[in-house]
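Inside the fold
Listed below, chain by chain, are the residues.
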Number of protein chains: 4
Amino acid sequence: MQKSSQRGTPVGRRKFLATSLGTAVAIGLPAWCGAQSGSRSAGPADPALLEDLVAANRILVRYGVLDGMGHVSVRHNASRERFLISRSLAPELVTAADILEYDLNGDAIDLRGRAQYSERYIHAAIYRARPDVNAVVHNHSPAVIPFTVSDVPLRPIYHMASFMLEGLPVFDIRDESGITNMLVNSPERAEGLVTALGDSAAVLMRGHGIAVTGPSIPFAVGRSIYTQINADLQQRAISLGGNVEYLDPREGQAMLDAGENRGYSRSWELWKRDALRGMR
Amino acid sequence: MQKSSQRGTPVGRRKFLATSLGTAVAIGLPAWCGAQSGSRSAGPADPALLEDLVAANRILVRYGVLDGMGHVSVRHNASRERFLISRSLAPELVTAADILEYDLNGDAIDLRGRAQYSERYIHAAIYRARPDVNAVVHNHSPAVIPFTVSDVPLRPIYHMASFMLEGLPVFDIRDESGITNMLVNSPERAEGLVTALGDSAAVLMRGHGIAVTGPSIPFAVGRSIYTQINADLQQRAISLGGNVEYLDPREGQAMLDAGENRGYSRSWELWKRDALRGMR
Amino acid sequence: MQKSSQRGTPVGRRKFLATSLGTAVAIGLPAWCGAQSGSRSAGPADPALLEDLVAANRILVRYGVLDGMGHVSVRHNASRERFLISRSLAPELVTAADILEYDLNGDAIDLRGRAQYSERYIHAAIYRARPDVNAVVHNHSPAVIPFTVSDVPLRPIYHMASFMLEGLPVFDIRDESGITNMLVNSPERAEGLVTALGDSAAVLMRGHGIAVTGPSIPFAVGRSIYTQINADLQQRAISLGGNVEYLDPREGQAMLDAGENRGYSRSWELWKRDALRGMR
Amino acid sequence: MQKSSQRGTPVGRRKFLATSLGTAVAIGLPAWCGAQSGSRSAGPADPALLEDLVAANRILVRYGVLDGMGHVSVRHNASRERFLISRSLAPELVTAADILEYDLNGDAIDLRGRAQYSERYIHAAIYRARPDVNAVVHNHSPAVIPFTVSDVPLRPIYHMASFMLEGLPVFDIRDESGITNMLVNSPERAEGLVTALGDSAAVLMRGHGIAVTGPSIPFAVGRSIYTQINADLQQRAISLGGNVEYLDPREGQAMLDAGENRGYSRSWELWKRDALRGMR
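To keep things clear, this report deals only with the structure shown in the data block. Predicted model only: the values in this text are computed from it and were never measured. Once a new chain begins, its residue numbering starts again from 1 and follows that chain's sequence as written. Naming scheme: in the order in which they are written, chains are lettered from A and ligands are numbered from 1. The model is predicted, so local features are restricted to residues of pLDDT at least 70 and side-chain atom pairs to those at 80 or more, both for listing and for counting; the totals for chains, interfaces and linings are taken over all residues. Hydrogens and water molecules were not included; the side-chain quantities draw on all heavy atoms of the structure.

1. Concerning the overall build of chain A
- Here a strand is any run of E in DSSP of at least two residues, a helix any run of H or I of at least four, and the numbering for each starts at the N terminus. Looking only at helices and strands, chain A has 10 helices and 7 strands in total.
- Taken across its 280 residues, chain A has 63% of its residues classed as buried.
- At a minimum sequence separation of 6, the contacts of chain A that also span at least 24 residues come to 68%.
- Put simply, chain A shows about 9,800 Å² of open surface, and 52% of that area lies on carbon and sulfur atoms. Think of it in three bands: with a 1.4 Å probe and only protein chains considered, a residue is buried below 20% of the maximum accessible area for its type, exposed above 50%, and partly exposed in between. Any two residues whose heavy atoms approach within 4.5 Å at even a single point are treated as in contact. Using the Shrake-Rupley algorithm and a 1.4 Å probe, accessible areas are obtained, with residue cover drawn only from the displayed protein chains.

2. A look at the interface of chain B and chain A
- Listed per partner, the contact involves 39 residues of chain B and 30 residues of chain A.
- Put simply, buried area is the surface a 1.4 Å probe can reach on two separate parts but cannot reach once they are joined, added for both. Summed over both partners, the interface of chain B with chain A comes to about 3,300 Å²; 59% of that surface belongs to carbon and sulfur atoms.
- Among the residues chain B hides against chain A, the three largest losses belong to B:Met69, B:Val149 and B:Ile179. Together they make up 17% of the total.
- Salt bridge, as used here, is a side-chain nitrogen of Lys or Arg placed within 4 Å of a carboxyl oxygen of Asp or Glu. Viewed at the interface, chain A and chain B are joined by 4 salt bridges.
- For the salt bridge of B:Glu92 with A:Arg273, the shortest nitrogen-to-oxygen distance reads 3.9 Å.

3. Thoughts on the environment of B:Asp52
All names here are of chain B.
- Mapped onto the fold, Asp52 is located in helix α2 (residues 47-62).
- By relative accessible area, which is 13% here, Asp52 ends up buried.
- For the pair Asp52 and Val74, spaced 22 residues apart in sequence, the C-alpha separation works out to 9.3 Å.
- Those residues in contact with Asp52 that sit more than four places away from it in its chain are Ile217, Trp268 and Lys272.

4. Structural notes on the environment of C:Leu240
- Relative to the helices and strands, C:Leu240 resides in the loop between α7 (217-239) and α8 (249-257).
- Taking C-alpha positions, C:Leu240 is 33 Å from C:Met182, a pair spaced 58 residues apart along the chain.
- Look past the residues within four positions of C:Leu240 in its chain and what remains in contact with it is D:Pro146, D:Phe147, D:Ser150, D:Val152, D:Gln235 and D:Ile238.

5. Quick look at the interface of chain D and chain C
- Between chain D and chain C, the contact holds 39 residues from the first and 31 residues from the second.
- Where chain D abuts chain C, roughly 3,300 Å² becomes buried across the two surfaces, and 60% of that area is made up of carbon and sulfur atoms.
- Contact with chain C buries area across many residues of chain D, yet D:Met69, D:Val149 and D:Ile179 alone supply 17% of it, more than any other trio.
- Between the two partners, chain D and chain C, sit 4 salt bridges.
- Counting only elements with at least two residues in the side of chain D that touches chain C, the list comes to α1 (12-27), α4 (145-149) and α7 (217-239) of chain D.
- Sorting elements by how many residues they give to the side of chain D that touches chain C places α4(D) first, with 4 residues.
- Residue polarity is assigned by list, with Asp, Glu, Lys and Arg as charged and Ala, Val, Leu, Ile, Met, Phe, Trp, Tyr, Cys and Pro as nonpolar; anything else, Gly included, falls into the polar class. Residue classes in the side of chain D that touches chain C are distributed as 18 nonpolar, 13 polar and 8 charged.

6. Considering the pattern of salt bridges
- Scanning all chains against the criterion turns up 73 salt bridges over all chains.
- With a shortest N-O distance of 3.0 Å, A:Asp172 and A:Arg174 are connected by a salt bridge.
- Among the residues examined, A:Arg174 registers a relative accessible area of 24% and is labelled partly exposed.
- Note that C:Arg273 is salt-bridged to C:Asp274, the shortest N-O span being 3.0 Å.
- Owing to a relative accessible area of 26%, C:Arg273 belongs among the partly exposed residues under this scheme.

7. With respect to the relation of the copies chain D and chain C
- Least squares is the method for superposing the copies, and the C-alpha atoms it fits come from residues with pLDDT of at least 70 in both. The two copies are related by a screw motion: chain D maps onto chain C through a turn of 90 degrees and a shift of 0.0 Å along the axis, at an RMSD of 0.0 Å. Accordingly, the operation relating the two chain copies is best matched by a four-fold axis. Closest approach to the rotation axis within chain D is made by the C-alpha atom of D:Ser239, at a distance of 4.5 Å.

8. Some words on the packing of aromatic side chains
- Only the six-membered ring of Trp is used, alongside the rings of Phe and Tyr, when aromatic pairs are assigned; centres must lie within 6.5 Å, and planes under 30 degrees apart are stacked while those over 60 apart are edge-to-face, with the rest tilted. Considering all chains together, one arrives at 20 aromatic pairs over all chains under this definition.
- Judged by centre distance (5.9 Å) and plane angle (65 degrees), the ring pair of B:Tyr63 and B:Trp271 falls under edge-to-face. Separated by 208 residues along the polypeptide, B:Tyr63 in the loop between α2 and β1 (71-75) and B:Trp271 in helix α10 (residues 265-276) bring together distant segments of the chain.
- Using a relative accessible area of 32% as the deciding quantity, one classes B:Tyr63 as partly exposed.
- Its relative accessible area of 3% is what places B:Trp271 among the buried residues.
- For the pair C:Phe219 and C:Tyr264, a centre-to-centre distance of 5.6 Å together with 85 degrees between the ring planes defines the contact as edge-to-face. On the criterion of sequence distance, the pair formed by C:Phe219 in helix α7 and C:Tyr264 in the loop between α9 (260-263) and α10 (265-276) is long-range, its members being 45 residues apart. In this pair, the class of C:Phe219 matches that of C:Tyr264, namely buried.
- Here the aromatic cluster, defined as three or more aromatic residues joined through ring pairs, consists of A:Phe83, A:Tyr102 and A:Tyr127.

Dropping the structure here:
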């Protein structure tokens, strides 16, 4: 096991944490420390991809989708069997130096004693099951949470949420795992989530949050933001007391066929500029 | 076809986009590229008008009426047969160098290979049908969207929304065009919207947004902002559970007759100062 | 009539406005220009009072109570027959140089061609009728507006809104003036508002806003802010669907007897610091 | 009685206040001035603990849990019979120089003429009754207030609010003290609150606010923030109109057993960095 290198850690606490984690690993791993993968690295990731991944973390904080919790990952550009995600860290603090490489079992290629997200299995399982997915966001988006505990389904009320089509499925961890601490912190728990996800763009997690997918980072980010907005607007529409006319799934599909907001490119340019401002 | 000039584009991605668009135009146009108008330019626009148009984009972002999507236009000062609107760009990024001139068919006078808003036809059709209108905003104002999908009508609850009079009409793109991708991206679709608009100050668009008009930029901006606020307040008033007393249309008319908030001049001075701060 | 002096006006538009107003006054006054008072000035106001008045404008913008509209006044320190209020200007732009002196008829002592708030009569009439009042805020606080049009009364749900006691009265301009443009822009209209106000700390204005009073600027500012917060919280409490337990008026009175949040002094220190930061 | 020392007081008003307080103490104490403890100091507090306490004040303002009112305390590192809390001051203005030491009767060890929080008895009584508690927050969190006056109970709807278990109890000051000014400004009133609190992590205060506890500052801060978020989300979930599935208390307990968000350490690092930015 390697000693933690101290890159860009302004807070002395981190040094302590990394060091004590080293000890912890030696004497028995807590779940959030995890095992090292036996696999080899796919090599260095494309710096532009890393920049987008860092930007995604910060964009989602700016839009209130992430707070101190949640995470974003992307499939490795050099191997479909690897993905990239930060070590355990509040998303707003993530820099390129914090990104780790994982295999699709959720094991780190080279952990170097760093703390990991205990729920990285959400990402691993989705990449394994869904070849069309290249980016995943797990978040506790406030506007979305109410729909994870209500029997009123989340459905698209406007074209910016067309990717929801008929609506999003809900994963209840109790269905397969019974009473838990609610965390998807094992490959087994992640399997249940992936089953619930099916072919959808995202899956709600009862009493917890959501996992959002996309063919690229801008899609996963854009869908996370517009899922949150749609949830808020749907709640407002319902509270008007009248009938609510949802988007026809064929309208949603037509929007997807037309490129779904052109891959969010117009917004992505803006989001990224704002998120990285002040970093460089 | 002219090559794209690279004015004020900090992101390398833009150069790639403009270049690839040039190729795209040569081999067959996607809808959002569009044709060149055969018409001649009305000449350079008044720099003060351009400044107001740039400010309008940024003001509406500041107030949450626009995000990465939506657009603002103004009739050309030198010809009632022309209007000015940005090339396809997130509103917050728009500068005077991004403004293009269009004829009232929605065709650009001199596109120079730039990407365009696919929904510019909303603007073109309104200027054609409504001589009293000199500025148009199309937006996805969050508070307004719920009223586009509810059978509870949007109505003015206070004097700042007097321009709504009896309330705003709703355009449902299905009524004339059936199942679509929801975008008003052709002259035909825009005709249906203009018919729904009639003589109103604005028209809601089912599952999409709103188009707001005014005799000048400050009016269209002010009405966009206060439509959003009124929508939010109406939703709150309804959720109190009691009876809601709407503005009497004659009170609204009296407010219009008295100059409708003096043409929003008191707010405009403030809005513009804040929006342009940091640009110069 | 004096020509407008140009103090601290960064926008050229103001010069034009002031000049054209001078002409306007000469050839016939619009309502918002108003007459000069025949009375003499009470002399220069205490600079500390002017600073508090400027701060009050900016504090209320910071807390969303004021936007581009609304105004704040204070009784003159040298005469109970005079009050101080800005010329017609968005509150966020107000500086000490913009403050004008008025008599209790709502006539300016020395207008110098400046545009005035057409609703200054709200302030004049309250100072005339209520010797206990030394500061007045008129605003369109978003959370409050719904209660001006609902038959569900605004009532205090927590101790920070104790000044509401049994709740706030509502003034409907139609009751005495019939169909109007909703503005309290004459002494006659203001009389109706003052009658509705009675002995209360504030009066709601149907489809318009609220007028809030206090024995000093910090009281009027604090009450404006907490009226807004209470309105928001009451709406949330009601939307929970259960029974709502309002503050007992005797509890409210006990809070008033105990000094009502110590005259808001703890918050005032903070609010003023933040509001004036960057001005000096 | 010592004279007030003037540390870091940018506003002249403070000098006046402190001086007049000195006089007030000499001629008879208002409740918020209070008595000096006869006890001896436990000695200087750990500077790291003071820094965390200052940070906690500012974090809670950033997240809207505190405004100009409310307070945070921590048990003294050198004695379980002492706690540390600011003198009477808006939380955002608190620095290490403002922190005072108290005994568990709520009496200051060395007041030096400073004004105190009249509700410090909340903190004193909780530290006395609950050895497991080392940090307390009293706040008027807007989203929480509605649940203090509604018969709809506050309950956890997601895992971030697991510490609520079956839900939070409500303290009604009328039950033991009858009609009051609502303030918990005496040891007697605080006893009623502590009885209502029982073994819970927090107790709602009818028409007033909440008192939140934790085994350390990050716990009390994190629980305050997530109580606020959960309250907002529960209100949204209820307003959807369907059935709401609350967290199973056994799920909440499992989350607590697993370390309750790892002691909020991931967020704490972020929160503290942001809160202290610009101070140093």
